[in-house]
Amino acid sequence: MSKPQKQIHLAAHFPGVNNTTVWSDPRAGSHIEFSSFAHFARTAERAKFDFLFLAEGLRLREQGGKIYDLDVVGRPDTFTILAALAAVTERLGLTGTINSTFNEPYEVARQFASLDHLSDGRSAWNVVTSWDAFTGENFRRGGYLPQDERYARAKEFLATTGELFDSWQGDEIVADQSTGTFLQDAKAGAFVHEGRQFDIQGRFNVPRSPQGRPVIFQAGDSDEGREFAASSADAIFSRYAALDAGQAFYTDVKSRLAKYGRRADQLLILPAASFVLGDTDAEAEEIAKDVRRQQVSGATALKHLEFVWNRDLSGYDPEGPLPDIDPDLGENHIARGRAQVRMYRDPLATAREWRELAQANNWSIRDLVIETGNRQNFVGSPATVARTINEYVQADAADGFILVPHITPSGLDAFADQVVPLLQEQGVFRTEYEGTTLRDHLGLALPHSRLRSSGGTPIDEAAGTARAAS
Amino acid sequence: MSSTSSSPLHLAVALDGTGWHPASWREPVARPRELFTAGYWADLVAEAERGLLDFVTIEDGLGPQSSHFLDPDDRTDQVRGRLDAVLVASRVAPLTSHIGLVPTVVATHTEPFHLSKAIATLDYVSTGRAGLRVQITARPTEAAHFGRRTIPRIEAYDAPATQDLVTELFDEAADYVEVVRRLWDSWEDDAEIRDVTTGRFVDRDKLHYIDFEGRHFSVKGPSITPRPPQGQPLVTALAHDTVPYRLVARATDVGYVTPHDTGQARAIVAEIRAEQERAGRAAEPLHVFADLVVFLDDDPAEAAARRDRLDALAGEEYRSDARVFAGSPAQLADLLQDFQASGLTGFRLRPAVAGHDLPAVTRGLVPELQRRGAFRRAYEADTLRGLLGLSRPANRYAAV
């Protein structure tokens, strides 16, 4: 007996602040005008994608004490864009990254519940954490968290917003104009949360939204991050789009679900993936090479090396050999506000490995950065790309992909027109939306309010988790 | 019959749930079950735009509505619950093309960095029609929703401690507005250069740290969002007393005040203008709008009867900080022109019943004012600043 075919989930990431976005291409449009977001969202909806994804950054990145100027700089507010996109789409899910470090649960819960109402149940939250004082300088809360407390705050933040979402059951508003009863429960929205990170109480003022709460995404990759996702997330925005690494990640994370009393299909694994299409596979390879060179200029390559070396390398020739000096260890004071810095936990080892690679292949600095980073995940003709994506999903390397085009905002058009129809022909991707909410698209059940109507006391999420684990 | 002034006046409407009368939701036109849908808000704003109004404001709060000023109530006979005003404004922005969108933001418990980029983004989404109405909250229960600060309960309005608290909250709001405005200016208009030859996307010399250091918070900047289309979206505030008048005079583009007669209007305007002069802003345009709650019907007796009927349903007479008007569109036009003569430049009307009194404004009052030559017959500008006769501000950080 063969395994039944999995249905593929597809989403689109609006190209953002990173060197994969090729802003110098003549086809590149505005990354900030609303018309760009509307074009991108309409394309994703035309292709019946599950959702659109928006990243977030709360401070402009710096390198060597100066604002980084080589990539797209600047982006809009996540909630505001998603609410406006709800007006120009009908079914597309609207996913935004919102930081749990520089926000408060009451406000974020209000914003997501509002977005869910205003989009008729299409909101999703990618919960991320931050700890750096660099970003904290933009916030009145000031300061920052010790790194080891960031997941503690994130977990409690998520649990607390869950209590706020659940403080309304969904049947409180009767609005009976003849009897004059608007609410049938005078205590609707009542909550008390006493914890280490948050000690708050009162009344939540947004009634229960169509999805009950937004779909929860998680993006961290550490052991703690994976555990957090297994316990609390509906989907993971992962970075393992390659077959082997994807399968390893998929198996690892899905195996963590059982101890939280969850089934494998309750957590979707959706890696970010880039793609390049051509009329033939050979043409696509040529285009892909060209795109990579556009993504990594000589200046970009040097800056990329500085993430690891933690030194000013502006004196080096990007077309020449790698520096023979070792990285400066200690806190990275060269590159600030960049996630990549955290990816290289052992700079000495990375530098050694890169030097060996460059020497063995006779690579310049720029060659090395091009070859080791930002390689497009799916390159080929539409038929090749459709077949590969489907193979990866059927082989459990992923449940689907969050596509990151390199051109704003037209970068998704060709995929929608050429690849999606092939996936639909193979019967592995929807031809019409079957439901109206994002939970419907993702096959996730509507959550029940965990506030029991009898007692009115929220069941503590951590305690519930502990019981399920024992 | 007064027709002393026929110079154009500005009109805004304040949207709050089903209307400002607490029993408004019980009117057949009220649609109370749709309050939490986008369609409800889209319809109201479309109606306001049909009437060529300058802008709508959208009320908000960080706790449930209450019939008490400071404390929550447990009433079940009035509308409770509301959506985030910035998101509502953003949701309707792509569906409209001329009307200004001015959501309420609460300075006391939110981050100026987040709000600055949210309103800048609303300005992008609406292509130049965004503003904000800054508000403070002195409710201890709302402070408990955040758990970051304790706000003592006001026991007596004339006590020195009350004055200190209110002054502190307004000082903080002034800092908040200053931070928001500096962040809007933290990108010069032409900072994005896309210079292919040097590989630079922005000219970093045109991005500025705001380095705000205040008593309540400090913010580094620059914003993550480029300078919005209007440069500075509209900043507005409601004010009832000297301390908030100062905020209006120093920090806003439009202040809403609540005179009950023309004598009060004249006195309030004089006080705000004096504060404006003291702040060195005398030359800058600053609109002073009067807020009025309105019950509008062609037959004035009908308006009065409607008010009585709603009061009876509510179980008490409706009272407001603003003057409550019940009458015909022609009578309201008379009143507005009288008030205008005392130095006001516009009005923010609060419909008692949104579903009834908003259309009465757009289809009754507006044509009446147009007949008198006192209101626009077509939108004459594409931005909210343009509608209000305010120029696009120069960037404070741009090199001269």
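Quantities reported herein were computed from a predicted structural model and do not represent experimental measurements.

### Focus on the overall build of chain B
Regarding its fold elements, chain B presents 11 helices and 13 strands. Radius of gyration (C-alpha) of chain B: 21 Å, near the 21 Å computed for a compact globule of 400 residues. Summarising its shape, the C-alpha atoms of chain B cover approximately 70 × 50 × 45 Å along the three principal directions. Within chain B, the proportion of its 400 residues that are buried is 62%. Per element, the accessible surface of chain B, about 14,200 Å² overall, is 50% carbon and sulfur.

### Looking at the pattern of salt bridges
Applying the stated rule across the entire model yields 78 salt bridges over all chains. Between Arg 227 of chain B and Asp 189 of chain B there is a salt bridge; the shortest N-O distance is 3.0 Å. Of the two residues, Arg 227 of chain B is situated in the loop between β8 (218-219) and β9 (234-238) and Asp 189 of chain B in the loop between α5 (160-185) and β5 (192-195); the sequence distance between them amounts to 38 residues. The partner of Asp 291 of chain B in a salt bridge is Arg 350 of chain B, and the shortest N-O contact between them spans 2.7 Å. Taken together, the residues Asp 291 of chain B in strand β11 (residues 287-296) and Arg 350 of chain B in strand β13 (residues 346-351) connect sequence positions 59 residues apart. For the pair formed by Asp 291 of chain B and Arg 350 of chain B, the shared burial category is buried. Among the charged side chains, a network of salt bridges with common partners joins Asp 221, Asp 223, Arg 226, Glu 227, Arg 239, Asp 252, Arg 256 and Lys 259 of chain A.

### A closer look at the sheet that holds strand β4 (residues 66-67) of chain A
On the basis of which strands lie adjacent, the open sheet formed by three strands has the order β4-β3-β15 (chain A) and antiparallel pairing. Either end of the sheet is taken by a strand with one partner, and the two such strands are β4 and β15 (335-336) of chain A.

### Describing the UniProt feature "binding site: FMN" (unreviewed entry) in chain B
Those residues carrying the UniProt feature "binding site: FMN" (unreviewed entry) are Asp 60 and Thr 104 of chain B in this numbering. The annotated residues occupy 45 residues of the chain but converge on a single region, no pair of C-alpha atoms lying more than 5.5 Å apart. Contacts of Asp 60 of chain B, omitting those with residues within four sequence positions, involve Arg 110 of chain A together with Arg 82, Leu 83, Asp 84, Ala 85, Thr 104 and Gln 135 of chain B. Engagement of the side chain of Asp 60 of chain B in a polar contact is seen with the backbone nitrogen of Ala 85 of chain B, the distance being 2.9 Å. You can see Thr 104 of chain B is positioned in strand β3 (residues 100-106). Here Thr 104 of chain B falls in the buried class, since its relative accessible area comes to 2%. Leaving out residues up to four positions away in the same chain, Thr 104 of chain B has contacts with Ile 58, Glu 59, Asp 60, Ala 85, Arg 133 and Gln 135 of chain B. Here Ile 58 of chain B takes part through its backbone oxygen, which lies 2.8 Å from a polar atom of the side chain of Thr 104 of chain B.

### Details of the UniProt feature "domain: Luciferase-like" (unreviewed entry) in chain B
The sites that carry the UniProt feature "domain: Luciferase-like" (unreviewed entry) are, in the present numbering, residues 36-310 of chain B. Across residues 36-310 of chain B, helical content stands at 38% and strand content at 17%; the span's end C-alpha atoms are separated by 23 Å.

### Focus: the nonpolar core
With 206 residues, the main nonpolar core has Phe 49, Phe 401 and Phe 415 of chain A together with Leu 11, Leu 332, Phe 347 and Leu 365 of chain B as its most contacted residues. Ranked by residues supplied to this core, first place goes to α5 of chain B with 10 residues. Once residues within four sequence positions are removed from consideration, Phe 415 of chain A is found in contact with Leu 10, Phe 49, Phe 275, Leu 277, Val 385, Ile 389, Leu 403 and Val 420 of chain A. With 18 residues, the next largest nonpolar core counts Val 296, Tyr 344, Ala 351 and Ile 370 of chain A among its residues.

### Section: the pairing of β9 of chain B
A regular strand carries its side chains on alternate faces of the sheet. Residue and element names in this part refer to chain B. For β9, a buried count of five out of five residues is recorded, marking the element as mostly surrounded by other parts of the structure. Because side chains alternate across β9, one face comprises the buried residues Leu 234, Thr 236 and Leu 238, and the other comprises Val 235 and Ala 237, equally buried. By the bridge criterion, four bridges tie strand β4 (residues 131-135) to β9 in an arrangement that is parallel. Bridge pairing links Val 134 to Ala 237 in β9. Traced from β9 through helix α6 (residues 242-251) to strand β10 (residues 254-257), the parallel crossover comes out right-handed.

### Here's the deal with the packing of helix α1 (residues 38-50) of chain B against helix α10 (residues 354-371) of chain B
For any two helices packed against each other, one specifies the inter-axial angle together with the distance between the axes. Residues and elements named next belong to chain B. With their axes 8 Å apart at the nearest point, α1 and α10 run at an angle of 20° to one another. Taken as axis vectors, α1 and α10 run roughly parallel relative to one another. Here the hand of the crossing between α1 and α10 comes out left-handed. Counted together, Tyr 40, Leu 44, Glu 47, Ala 48 and Arg 50 of α1 and Ala 354, Leu 358, Pro 359, Thr 362 and Arg 363 of α10 form the full contact between these two elements. Residue classes in the contact of α1 with α10 are distributed as six nonpolar, one polar and three charged.

### Remarks on helix α3 (residues 112-125) of chain B
Residues and elements named next belong to chain B. With 14 residues, α3 extends 19 Å between its outermost C-alpha atoms, agreeing within 8% with the 20 Å of an ideal straight helix rising 1.5 Å per residue. Judged by how many residues are buried, α3 sits mostly within the fold: 14 of 14 residues are covered. Remark: Thr 127 follows α3 within two positions and exhibits a positive phi of approximately 45°.

### A look at the interface of chain A and chain B
Contacts between the two partners involve 75 residues from chain A, matched on the other side by 79 residues from chain B. Roughly 6,500 Å² is buried in total at the junction of chain A and chain B, and carbon and sulfur atoms are behind 59% of that figure. The partner of Asp 60 of chain B in a salt bridge is Arg 110 of chain A, with the nearest N and O atoms 2.8 Å apart. Of all the elements in the fold, those that place two or more residues in the side of chain A that touches chain B are β4, α2 (78-88), α3 (105-118), β7 (173-176), β8 (181-183) and β10 (199-203) of chain A. Its residues placed into classes, the side of chain A that touches chain B shows 35 nonpolar, 20 polar and 20 charged.

### Description of the pairing of β11 of chain B
Residue and element names in this part refer to chain B. With respect to burial, β11 is a largely interior element, 10 of its 10 residues being buried. Residues His 287, Phe 289, Asp 291, Val 293 and Phe 295 line one face of β11 and the alternating positions Val 288, Ala 290, Leu 292, Val 294 and Leu 296 line the opposite face, and both faces are buried. Relative to β11, β10 runs parallel, the two being bridged by four bridges. Within the sheet, the bridge partner assigned to Tyr 256 lies in β11 and is Phe 289. For the segment spanning β10, helix α7 (residues 262-278) and β11, crossover handedness is right-handed. Across five bridges, β11 lies against strand β12 (residues 323-327) in parallel orientation. Directly across from Leu 292, in β12, lies its bridge partner Arg 323.

### Focus on helix α9 (residues 298-309) of chain A
All names here are of chain A. Its 12 residues give α9 an end-to-end C-alpha distance of 16 Å, which sits within 8% of 16 Å, the value for a rise of 1.5 Å per residue. The buried count for α9 comes to 10 of 12 residues, which makes it a mostly enclosed element. All buried positions along α9 are accounted for by Gly 298, Thr 300, Ala 301, Leu 302, His 304, Leu 305, Glu 306, Phe 307, Val 308 and Trp 309. Phi turns positive, to about 55°, at Asn 310, one or two residues after α9.

### Examining the environment of Leu 365 of chain B
Residue and element names in this part refer to chain B. Its place among the elements puts Leu 365 in helix α10. Overall, the relative accessible area of 0% leaves Leu 365 in the buried class. Between the C-alpha atom of Leu 365 and that of Asp 298, which follows or precedes it by 67 residues, the distance is 9.8 Å.

### Looking at the side chain of Arg 350 of chain B
All names here are of chain B. Classification of Arg 350 as buried rests on a relative accessible area of 2%. Of the polar contacts made by the side chain of Arg 350, one reaches the side chain of Ser 320; its length is 3.5 Å. Residues contacting Arg 350, with those up to four places away along its chain left out, are Ala 14, Trp 20, Leu 238, Thr 258, Asp 291, Leu 292, Val 293, Val 294, Ser 320, Asp 321 and Ala 322.

What counts as what
- Residues numbered from 1 in each chain as written.
- Chains lettered and ligands numbered in written order.
- Predicted model: local features only at pLDDT ≥ 70, side-chain atom pairs only at ≥ 80, totals over all residues.
- Heavy atoms only, no water.
- Helix = DSSP H or I, 4+ residues; strand = E, 2+ residues; numbered from the N terminus.
- Rg over C-alpha atoms; globule rule 2.2 N^0.38 Å.
- Buried < 20%, exposed > 50% of the residue type's maximum accessible area, 1.4 Å probe, protein only.
- Areas by Shrake-Rupley, 256 points an atom, 1.4 Å probe, with all protein chains shown as cover.
- Salt bridge = Lys/Arg side-chain N within 4 Å of Asp/Glu carboxyl O.
- Pairing = 2+ DSSP bridges.
- UniProt positions renumbered as here; feature names shortened; annotations may be inferred.
- Contact = heavy atoms within 4.5 Å.
- Polar contact = N/O pair within 3.5 Å; in protein donor to acceptor, adjacent residues only side chain to side chain.
- Core = buried A, V, L, I, M, F, W, Y, C linked by side-chain atoms within 4.5 Å.
- Right-handed = clockwise from strand over helix to strand, strands pointing away.
- Axes fitted to C-alpha atoms, helices over the stretch in contact; angles between N-to-C directions.
- Parallel < 35°, antiparallel > 145°, perpendicular 65-115°, else oblique.
- Left-handed = near helix turned anticlockwise from the far one by under 90°.
- Nonpolar A, V, L, I, M, F, W, Y, C, P; charged D, E, K, R; others polar.
- Expected span 1.5 Å × (residues − 1).
- Buried area = accessible area lost by both parts, 1.4 Å probe.

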